[in-house]
Amino acid sequence: MRLIRLEFAGIGSFADRMEIDFEALGTAGLFLIEGATGSGKSTILDAVVFALYGTPAGSDSDLGRLDSHLRDRGREPFVELDFEVEAARYRIHRTPRHERDKRRGSGTKVDDGGVSLVRLHPDVCDVSHRAKEIGDWVVEHIGLTKQQFVSTIVLAQGEFANFLDADTKE
């Protein structure tokens, strides 16, 4: 699997739309996400893992942390990840559970969010809009469960001690 593009808005510490072009970053084969404490590095990792698996990267992370407290309540938070697997390109779009303004009257309402997976290349085709089907598809096509992905590809903040203490089998 190869990450191509990540776009998100209203997620974690990012109220506004952000876009990361992983193809441009990875021209040398590797890239590093670095920055000061609180600059949003973990939010970027959470966005990638949430797009693929429906939960943030950290094993004890709660879904509520994805919805930015800084976000305009009239705008829906989302994560959109373009990636390549098995010589095809896909886009997964997820919206986390969030509070939004009511469409009629005053106050807010809880929206449970949603997900869609679309193949972009070689031909455009809807794959699914069901969370369970998409979850199974991701594990089958990427070849990693969420736990395997975060243990080998993404090591979330606070998880390094678990990695160091893990036995060989883990």
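Residues numbered from 1 in each chain as written. Predicted model: local features only at pLDDT ≥ 70, side-chain atom pairs only at ≥ 80, totals over all residues. Heavy atoms only, no water.

A. Local environment of the packing of aromatic side chains. All told, the structure shown has 5 aromatic pairs when counted by the stated rule. Here the aromatic rings of Tyr53 and Phe149 are separated by 5.6 Å at their centres, their planes lie at 50°, and the arrangement is tilted. Note that Tyr53 is positioned in helix H2 (residues 41–53) and Phe149 in helix H4 (residues 146–152), a separation of 96 residues in sequence. Its relative accessible area of 15% is what places Tyr53 among the buried residues. Geometrically, the ring pair formed by Phe83 and Tyr90 is stacked, given 5.8 Å between the ring centres and 25° between the ring planes. In this structure, Phe83 and Tyr90 share a single accessibility class: buried. The structure contains a cluster of three or more aromatic residues connected by ring pairs, namely Phe83, Tyr90 and Trp137. (Phe/Tyr/Trp six-rings, centres within 6.5 Å; stacked < 30°, edge-to-face > 60°. Helix = DSSP H or I, 4+ residues; strand = E, 2+ residues; numbered from the N terminus. Buried < 20%, exposed > 50% of the residue type's maximum accessible area, 1.4 Å probe, protein only.)

B. Spotlight on the pairing of strand S5 (residues 98–101). The alternating pattern of S5 places His98 and Arg100 on a buried face, while none of Glu99 and Asp101, on the opposite face, is buried. Bridge count between S5 and strand S6 (residues 108–111): 4 bridges; the pairing is antiparallel. In the sheet register, Glu99 faces S6, and the bridge partner there is Val110. Hairpin connection, S5 to S6: the antiparallel pair is bridged by 6 residues, and Gly105 has positive phi, about 80°. (Pairing = 2+ DSSP bridges.)

C. How the structure looks around the sheet that holds strand S1 (residues 2–9). Reading across the sheet, the 6 strands line up as S2-S1-S3-S4-S7-S8 and stay open at both edges, with antiparallel pairing between neighbours. The sheet is open, and its two borders are formed by strand S2 (18–21) and strand S8 (125–128), each paired with just one other strand. Across the sheet, the mean angle separating the axes of adjacent strands is 20° when strand polarity is ignored. By the bridge criterion, 7 bridges tie S1 to strand S3 (residues 78–85) in an arrangement that is antiparallel. Following the sheet pairing, Ala9 is matched in S3 by Phe78. (Axes fitted to C-alpha atoms, helices over the stretch in contact; angles between N-to-C directions.)

D. Quick look at a nonpolar patch on the surface. Side chains of Leu25, Phe31 and Ile33 sit close together on the surface and give an oily, nonpolar patch of about 240 Å² of accessible area. Structurally, Ile33 can be placed in the loop between helix H1 (22–25) and H2. Accessibility expressed as a relative area gives 32% for Ile33, which makes it partly exposed. (Patch = residues over 30% accessible without salt bridge, like charges linked within 9 Å, V, L, I, M, F, W, Y side chains within 5 Å. Areas by Shrake-Rupley, 256 points an atom, 1.4 Å probe, with all protein chains shown as cover. Salt bridge = Lys/Arg side-chain N within 4 Å of Asp/Glu carboxyl O.)

E. Inspection of unusual backbone geometry at higher detail. Pro122 follows His121 through a cis peptide bond whose omega is 20°. Inspection of the secondary structure assignment puts Pro122 in the loop between strand S7 (114–121) and S8. Positive phi, normally seen in glycine, also occurs at Glu86, with a value near 55°. With respect to the helices and strands, Glu86 occurs in the loop between S3 and strand S4 (88–95).

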